[in-house]
Amino acid sequence: MSNQEPAINMNNYRYPSEQVILFGTVFLILVVLLLAAGTTLCVLPLFFLVILILSYATSQSHHRALIAQAKHVTSESLPSLAKLAQECARKLQPGPTQLFVVPSRILNAYTFGLESPKVIVLYSSLFQVMDADELRFIIGHEMGHAALGHTWLNTLLGGMAGVPPSFGAAILFALAFRLWNRACEYSADRAGLLACGRLDKAISALVKLVDARIDTPEEMKEALEILEQQDDTLEGMLIESTATHPLIGNRIEKLREWAASSEYQRLQALINRNATKI
Ligand SMILES: [Zn+2]
């Protein structure tokens, strides 16, 4: 990567309320904890320290287990995937990352790690279902999490990052951060769109995450209609409220809105220009 490339301001594609929600959630948790703790305030720092140590240990052991069964993506082991990931990294500048492929029949990807390099995990089924642009969206989405600094808190919280919550009490904290989790997904989807540069491919990648069998444009259209109806139902809203990820229909809607903005056009042009420089 050239040193002369203008740096990308990550906040340009961050979903607007993401950080406000995070600060609000942390503030609320602190208020509740302060009220509940009362005279035993001195226990609080210890409590956070225990969470930190346990989460770090969980993350490390997850990393070790992952390496034992996953394939590290390098230009020797998987050259075409490594090249594709390098293209995404040139665009998004996520900082040091390692890419792993885990054999699995599930369609999924996640990013974790409290320290550098951040680890991006792709499930092998993605390669049977997604084309190159759709993979750019998926990898770009994960790199977006790393670039925007979502990874460390998600790793601490567990669950979303593929790392299980380290102990019972952490589950309560994880639930408190759900709204922030969902805002992070919108931000990361924007990163995915910037990496692949095609709204249609970003959308088809999201739809395929729900239904991998989709093959024809007619099937895609039909699936999109169903997904768009789901997010308007009460059931859909209830499901979403406790989930780490927004409903796919909502993610598509937000991506469409952002793709139509002049802010997106400007950022995409800047990123494409940076990516073509040596
Ligand atoms: Zn994500």
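To be clear, the structure that these remarks concern was listed above.
Quick caveat, the model's predicted, so the values are computed rather than measured.

Criteria and cut-off values
- Residues numbered from 1 in each chain as written.
- Predicted model: local features only at pLDDT ≥ 70, side-chain atom pairs only at ≥ 80, totals over all residues.
- Heavy atoms only, no water.
- Phe/Tyr/Trp six-rings, centres within 6.5 Å; stacked < 30°, edge-to-face > 60°.
- Lys NZ or Arg CZ within 6 Å of the ring centre and 35° of its normal.
- Pairing = 2+ DSSP bridges.
- Helix = DSSP H or I, 4+ residues; strand = E, 2+ residues; numbered from the N terminus.
- Contact = heavy atoms within 4.5 Å.
- Axes fitted to C-alpha atoms, helices over the stretch in contact; angles between N-to-C directions.
- Buried < 20%, exposed > 50% of the residue type's maximum accessible area, 1.4 Å probe, protein only.
- Patch = residues over 30% accessible without salt bridge, like charges linked within 9 Å, V, L, I, M, F, W, Y side chains within 5 Å.
- Areas by Shrake-Rupley, 256 points an atom, 1.4 Å probe, with all protein chains shown as cover.
- Salt bridge = Lys/Arg side-chain N within 4 Å of Asp/Glu carboxyl O.
- Disulfide = S-S within 2.5 Å.
- Donors = N, O, S within 2.8 Å, 3.2 Å for Na, K, Ca; no water.
- Tetrahedral: all angles 85-135°; square planar, octahedral: opposite > 155°, others 65-115°.
- Expected span 1.5 Å × (residues − 1).

Novice: Got a minute to help me understand the packing of aromatic side chains in this structure?
Specialist: Each aromatic ring pair is characterised by the separation of its centres together with the angle its planes make. By the definition in use, this model includes 4 aromatic pairs. Judged by centre distance (6.1 Å) and plane angle (35°), the ring pair of Tyr110 and Phe112 falls under tilted. Every member of this aromatic cluster is reached through a ring pair, and the members are Tyr110, Phe112 and Tyr123. A cation sits over an aromatic face here: Lys254 above Tyr186, 5.5 Å from the ring centre.

Novice: Where do I start with the sheet that holds strand 1 (residues 71–72) in this structure?
Specialist: Sheets are built from strands that pair by backbone hydrogen bonding, the pairs being arranged parallel or antiparallel. The 4 strands lie next to each other as 1-2-4-3, forming an open sheet whose pairing is mixed. Two strands bound the open sheet, and with one partner strand each, they are strand 1 and strand 3 (109–112). In the sheet, strand 1 pairs with strand 2 (residues 97–102) via 2 bridges, with the strands oriented antiparallel. Counted as the bridge partner of Lys71 is Val101 from strand 2. Where helix 5 (residues 132–147) meets the sheet, its contacts fall on strand 2, strand 3 and strand 4 (118–123), and the angle it forms with strand 3 comes to roughly 20°.

Novice: What am I meant to see in the environment of Leu199 here?
Specialist: Looking at the secondary structure, you find Leu199 in helix 9 (residues 199–210). By relative accessible area, which is 27% here, Leu199 ends up partly exposed. In the structure, Leu199 is positioned 61 residues away from Ala260 in sequence and 9.7 Å away in space, judged by C-alpha atoms. Beyond its immediate sequence surroundings of up to four residues, Leu199 is in contact with Leu193, Leu255, Arg256 and Ala259.

Novice: Looking at this structure, I do not really get a nonpolar patch on the surface. What am I missing?
Specialist: On the surface, Leu46, Leu49, Val50, Leu52, Ile53 and Leu54 cluster together to form a nonpolar patch covering roughly 510 Å² of accessible area. When you line up the elements, Ile53 lands in helix 2 (residues 43–69).

Novice: Explain the state of the cysteines here, please?
Specialist: Between two cysteines, a covalent bond joining their sulfur atoms is known as a disulfide. Applying the stated criterion to the full structure yields 0 disulfides. Residue Cys196 stays outside any disulfide, its sulfur separated by 8.5 Å from that of Cys88, the closest cysteine.

Novice: How should I be thinking about the coordination of the zinc ion in this particular structure?
Specialist: Four donors placed tetrahedrally about a metal ideally form angles of 109.5 degrees, and six donors placed octahedrally ideally form angles of 90 or 180 degrees. At 2.1 to 2.6 Å from the zinc ion lie its protein donor atoms, namely His141 (NE2), His145 (NE2), Glu185 (OE) and Glu185 (OE). Classification of the site at the zinc ion rests on its 4 donor atoms, whose angles at the metal span 53 to 130°, yielding the label irregular. In terms of primary sequence, the donors binding the zinc ion are separated according to H-x3-H-x39-E. With His141 and His145 both in helix 5 and 4 residues apart, this pair spans about one turn of that helix. A relative accessible area of 5% places His141 in the buried class. Residue His145 is classed as buried on the basis of its relative accessible area, which comes to 6%.

Novice: Is there a simple way to explain helix 3 (residues 79–92) in this structure?
Specialist: Each turn of an α-helix holds 3.6 residues, which means side chains three or four residues apart point in the same direction. Relative to the 20 Å expected for 14 residues at 1.5 Å per residue, helix 3 spans 20 Å between its end C-alpha atoms, a close match to the ideal helical length. All of the buried residues in helix 3 are Leu81, Ala82, Leu84, Ala85, Cys88, Ala89, Arg90, Lys91 and Leu92. The elements touched by buried residues of helix 3 are strand 2, strand 4, helix 4 (126–129), helix 5, helix 8 (178–196) and helix 13 (262–276).

Novice: Any chance you could explain unusual backbone geometry here in plain terms?
Specialist: Note: most residues except glycine have negative phi, and most peptide bonds are trans. Cis geometry is adopted by the peptide bond preceding Pro117, which originates at Ser116 and carries an omega value of -10°. For Pro117, the position within the fold is in the loop between strand 3 and strand 4. We note that Gln93 has phi near 45°; this positive angle belongs to a residue other than glycine. Relative to the helices and strands, Gln93 is located in the loop between helix 3 and strand 2. The class for Gln93 is buried, based on a relative accessible area of 19%.

Novice: Would you mind showing me how to read the pattern of salt bridges here?
Specialist: It is possible for side chains bearing opposite charge to pair when their charged atoms get close. What the rule picks out here adds up to 13 salt bridges. Notably, a salt bridge pairs Asp133 with Arg136, separated by 3.0 Å at the nearest N-O pair. Remark: Arg136 and Asp133 occur in helix 5; sequence separation between them is 3 residues, near one turn of the helix. The two residues Asp133 and Arg136 agree in class, both being buried. One salt bridge in this structure joins Lys208 and Glu134, with 2.8 Å as the shortest N-O distance. With Lys208 in helix 9 and Glu134 in helix 5, this pair connects stretches of sequence that are 74 residues apart.

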